[in-house]
Structure formats: C-alpha cells, structure tokens
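Coordinate inspection notes
Each chain, written out:
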Amino acid sequence: MTKPKSRHAWTVKVGERGQIVIPKEARDIFNIKPGDTLIMLGDKQQGIAIPTKNKVIDTIMNAITATNLTKRYGDFVAVDSLNLSIEKGELFSLLGVNGAGKTTLIKMLSCLSQPTQGDAILLGNSITEKPQAVKQMINVSPQETAVAGNLSVRENLELIAGLYGQSAHNASESASRMASQFKLETVEHKKAKHLSGGMQRRLSIAMALISNPKILFIDEPTLGLDIFSRRELWEAIESLKGTVTTLLTTHYLEEIEALSDRVGVMARGKLVAIGTVAELQKQTNTRTLEDAFVALVGDIR
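In this report, the structure presented in the accompanying data block is examined. (Residues numbered from 1 in each chain as written. Predicted model: local features only at pLDDT ≥ 70, side-chain atom pairs only at ≥ 80, totals over all residues. Heavy atoms only, no water.)

Next up on the list: the packing of aromatic side chains. Taken as a whole and judged by the stated rule, the model has zero aromatic pairs. The ring of tyrosine 252 is capped by arginine 230, whose NZ or CZ atom sits 4.4 Å from the centre of that ring. (Phe/Tyr/Trp six-rings, centres within 6.5 Å; stacked < 30°, edge-to-face > 60°. Lys NZ or Arg CZ within 6 Å of the ring centre and 35° of its normal.)

Its identity is not glycine, yet serine 81 carries a phi of approximately 45 degrees, on the positive side. Despite not being glycine, lysine 183 shows a phi value in the positive range, around 55 degrees. In this structure, lysine 183 sits in the loop between helix 6 (168–181) and helix 7 (197–209). (Helix = DSSP H or I, 4+ residues; strand = E, 2+ residues; numbered from the N terminus.)

A separate point is the packing of helix 5 (residues 153–163) against helix 6. Pairs of packed helices are described in terms of their axes, by the angle between the two and the distance that separates them. Two numbers describe how helix 5 lies on helix 6: the axes approach to 8 Å, and their chain directions differ by 130 degrees. With respect to their mutual orientation, helix 5 and helix 6 come out oblique. Seen along the crossing, helix 5 lies across helix 6 with a hand that is right-handed. Contact with helix 5, carried on its side by Arg154, Leu157, Glu158, Ala161 and Gly162, involves Ala171, Ser172, Ala175, Ser176, Met178 and Ala179 of helix 6 and no other residues of that element. Looking at the contact of helix 5 with helix 6 residue by residue, the class counts come to six nonpolar, three polar and two charged. (Axes fitted to C-alpha atoms, helices over the stretch in contact; angles between N-to-C directions. Parallel < 35°, antiparallel > 145°, perpendicular 65-115°, else oblique. Left-handed = near helix turned anticlockwise from the far one by under 90°. Contact = heavy atoms within 4.5 Å. Nonpolar A, V, L, I, M, F, W, Y, C, P; charged D, E, K, R; others polar.)

In this section: the nonpolar core. Counting 33 residues, the largest nonpolar core has Leu157, Phe182, Leu184, Leu203, Ile205, Leu209 and Leu216 as its most contacted members. Every element with two or more residues in this core is listed here: helix 5, helix 6, helix 7, strand 10 (215–219) and helix 8 (227–238). Per element, the largest residue contribution to this core is seven residues, and it comes from helix 7. Filtering out sequence-adjacent residues up to four positions away, leucine 203 remains in contact with Val147, Val153, Asn156, Leu157, Leu184, Ala192 and Leu195. Among the nonpolar cores identified, the runner-up in size contains 26 residues, and Val79, Met108, Leu122 and Phe217 belong to it. (Core = buried A, V, L, I, M, F, W, Y, C linked by side-chain atoms within 4.5 Å. Buried < 20%, exposed > 50% of the residue type's maximum accessible area, 1.4 Å probe, protein only.)

Put into structure tokens, the structure is as follows:
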C-alpha cells in the first residue's frame, strides 16, 4: 500500500481472492462500512477506491452540485430548497414559465446573488465560502444582450479579453478564434449596434466564452429571435457540449429538445422534475415534451 499523494487519495491493492484492503485512515474519513458501494478508478490489479456517498465523487463527476439552495425576498420564495447535480461537460436546460425561479437560480450559482439558505459547489468551490474562486471559472451570457453598441465586433471581443487579463496579442488571437467559432468573421469590423438580433446574441455568447470558462450560464439565449437566427445560435451552443458545462434557461420547448442532455422543470421556485426529454415523457405517460410539461406544472404554476 502506498502513501497517499494527497489527503483525498489512497492507493489500494486487490488481493488474490479479489478483496480490497482500504487504509484505516481512508475508512475513517469516508466513513466506509462493510457493504458500502465503491467506485473503482485505476487498472485491473491496482486502483483507487472511493465511496459513492463521499463528496469527492461530486468533484470527479459533477461541475455543479446545489444543496437546499433557497432565495427569499421578504415573504416571497423565489427558489425553494433546490437540489441539483450537473455533470462536467453537460448541457443542462432549465424549463419553466416566467417567474418560475430560473434566472434567480442562475444569479445565485454565478455569485451575483447570495442564497438565503443552502449552498452550491462549483468544481470544488462553494458559492457562499469561495465566491471569487467560483467567478474565476464561470461566465454568464445574460438575457439582455450585453454588447457595447458603438464598438465593433472585434473591439467588443478584445475589450472583454483584456478585462480578463489577456495581453493585447493574446486578446487579438482570442477575438479571432471566437469570431471564427461563432461565424462572426464577415461582420467583425461592423459596429455591434448595426448587427441583427441573432448576431448580437451570438456575439454576447462569444464574449462570455472568450475568458475560457469551465461553466457557462446562458439565460434565454434566443428570446425574440426569428427561426433562422435561433437555429444558427443553437448550432453554436451545441458545439460547447463536452467541453464547457452549460446551464441554459429557456421556455421554448423546441429549444430544449434540440439542445439538452437533461432537463430540469421548475415551477414556483421548486425543481419538480429532472431527466432527459424521453424520461420526462415516460414519467408523465405523454408523447410530447409540451404535454409532459403541462402535466408536471399545470396545477402548481
């Protein structure tokens, strides 16, 4: 048995009969008891055993873990004891009518609003205890298009890159990369105020990504856009899957179906259901996401 390389890692060996010997220190810290389920990481003969109930699993598997997250404004409860886990690289969508609590949840997770109760861990950092560490790993594309209208597309991108500490050279390279990724090359010298609504939203998301965040929050990205602009933006958002953990809020059902790995349905501040589109339809015995949504929130919206 080797000495742990960090306080949360122990190398264990598999015996001749397949038994696993776990150090007492690890058993005590993880509160491992006979019969507990373990996740094994490593090769066939030697690896690391971690109990599934330990918070280390959240760090390995999840980008976001919210526990009893609550936000009150006086007597009004905007988000009510919400529990949620989102895996790294997942595109997770929040679906709900206006006032369901979606935007309030994003504000708490992005450290723009302090929870009244509960906490959330983003890539190992608490939003209540280490908000600055959280902010260094995330970015937000708000519902309101956040671009400087009198600056060109390139100037907007370079400005944000510079604000995040990139040198002039690196900011220029980052702006070129984002313009290419979001198909903005043909308008990069055009003032943002002269762009279409779809182009402005695309630029807003590119600005949010230029800091290379590990988690991106996108609030109502296609609100008010025509069908062609929406589909173009969907392609840009879908390209983030697997590399950037994305939390998307929307009330467009077709947007959910086109983009989401999983969906969380919110109503009156509560997370009333979670799963893939197919799982929600099966849960409600319905054939469409619209029917599933109505069945889940119709009586409590």
